[in-house]
Amino acid sequence: MSLIDKALKANSHYAKNYDPTLGKRPAPKVAVVTCMDPRLSDLPGILGLPHADLDVIRTGGPAVTEDVLSELVVSTRVLGTTEIMLLNHTGCGFTTFTDEELNAKLAGSTGDTSPAPMRFFSYKDPEQNAREQIQKVRSHPWIAKEIPVRGFVFDMDTDLLREVRRSQSHGRLLSERIRPCKI
Ligand SMILES: [Zn+2]
């Protein structure tokens, strides 16, 4: 049995304990953009916030694409989140290749060069990635100026979050360690 078939079977048991409150309109408080990496799936544990408070947007990297920007606009303007957290991490798979390398590898391994080169949003430095994300999100005119946009790097070796921010007084980029709340 495939894992998906196994999951479907498990769902029929899960649904027996259906929580009717989940059918109501969601009211998340924080939009979190983070990587598709499964080690980041326990966000309530990592951030000490309940599932219901988190509007989670996941992409590889994470990459703040045009789609992610539109989702952040919906999250803040329609769903009502009031803060944006850009959550990068150490040891990301997207730092292990360049777009050019992966495109060449796939064309070689499949023998099919017909697809246009794909944009995988590979990168090298999670802190730099976070800085660029903050800039990209902050500069979008439909993201309200009063919504805080903060970037972080989650250290896979310590489970600690490190904030990446721009110093207002000196215009320099700084980072600082913070300890996340654990449930
Ligand atoms: Zn990653």
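Look above for the structure.
Given the structure is predicted, the values throughout are model-derived calculations rather than measurements.

Asks: Can you help me understand helix α1 (residues 3-14) in this one?
Replies: For an α-helix, 3.6 residues make a turn, and residues three or four places apart therefore share a direction. Between the first and last C-alpha of α1 there are 16 Å, a value that for 12 residues agrees with the 16 Å anticipated at 1.5 Å per step. A small share of α1 lies buried, amounting to 0 of its 12 residues.

Asks: Looking at this model, I keep getting lost on the coordination of the zinc ion. Mind explaining?
Replies: Tetrahedral coordination by four donors sets the ideal angle at the metal to 109.5 degrees; octahedral coordination by six donors sets it to 90 or 180 degrees. On the protein side, the zinc ion has C35 (SG), H89 (NE2) and C92 (SG) as donor atoms, found 2.0 to 2.2 Å from it. If you list the donors of the zinc ion from N- to C-terminus, the spacing comes out as C-x53-H-x2-C. A single burial state applies to H89 and to C92, both of which are buried.

Asks: Got a minute to help me understand unusual backbone geometry in this structure?
Replies: Excluding glycine, a negative phi dihedral is what most residues carry, and trans is how most peptide bonds are arranged. Cis geometry marks the peptide bond from G61 to P62; its omega dihedral reads 5°. Residue position: P62 is located in the loop between β2 (54-59) and α3 (66-79). Positive phi outside glycine occurs at F121, with the angle close to 60°. Checked against the element boundaries, F121 lands in the loop between α4 (99-110) and α5 (126-138). The class of F121 is partly exposed, set by a relative accessible area of 25%. Positioned with a positive phi, D159 is a non-glycine residue whose angle comes to about 65°. Mapping D159 onto the fold places it in the loop between β4 (149-154) and β5 (161-166).

Asks: What exactly am I supposed to notice about the nonpolar core here?
Replies: Considering soluble globular proteins, one finds that nonpolar side chains tend to be buried as a cluster. The biggest cluster of nonpolar side chains holds 20 residues, and the ones touching the most others in it are V32, L43, L47, M85, L87, F154 and L161. Broken down by secondary-structure element, the contributors of at least two residues to this core are β1 (30-35), α2 (43-47), β3 (83-89) and β4.

Asks: Quick question: what am I supposed to make of the packing of aromatic side chains here?
Replies: Aromatic rings considered in pairs are described by the distance between their centres and by the relative angle of their planes. This structure, assessed with the given rule, holds 2 aromatic pairs. Here F94 and F97 contribute two aromatic rings whose centre-to-centre distance is 5.7 Å and whose plane-to-plane angle is 55°, an arrangement assigned as tilted. The exposure classification of F94 matches that of F97, with both residues buried. Considering the side-chain rings of F97 and F120, the 6.4 Å spacing of their centres and the 85° angle between planes classify their relative orientation as edge-to-face. On the criterion of sequence distance, the pair formed by F97 in the loop between β3 and α4 and F120 in the loop between α4 and α5 is long-range, its members being 23 residues apart. One exposure class covers both F97 and F120, and it is buried. Site record: aromatic cluster; members linked through ring pairs are F94, F97 and F120.

Asks: In this structure, what is going on with the side chain of N129? I would like to understand it.
Replies: Tracing the backbone through its elements, the reader meets N129 in helix α5. Since its relative accessible area comes to 11%, N129 is described here as buried. Among the polar contacts made by the side chain of N129, one reaches the main-chain carbonyl oxygen of P62 at a distance of 3.4 Å.

Quick notes on the rules
- Residues numbered from 1 in each chain as written.
- Predicted model: local features only at pLDDT ≥ 70, side-chain atom pairs only at ≥ 80, totals over all residues.
- Heavy atoms only, no water.
- Helix = DSSP H or I, 4+ residues; strand = E, 2+ residues; numbered from the N terminus.
- Expected span 1.5 Å × (residues − 1).
- Buried < 20%, exposed > 50% of the residue type's maximum accessible area, 1.4 Å probe, protein only.
- Donors = N, O, S within 2.8 Å, 3.2 Å for Na, K, Ca; no water.
- Core = buried A, V, L, I, M, F, W, Y, C linked by side-chain atoms within 4.5 Å.
- Phe/Tyr/Trp six-rings, centres within 6.5 Å; stacked < 30°, edge-to-face > 60°.
- Polar contact = N/O pair within 3.5 Å; in protein donor to acceptor, adjacent residues only side chain to side chain.

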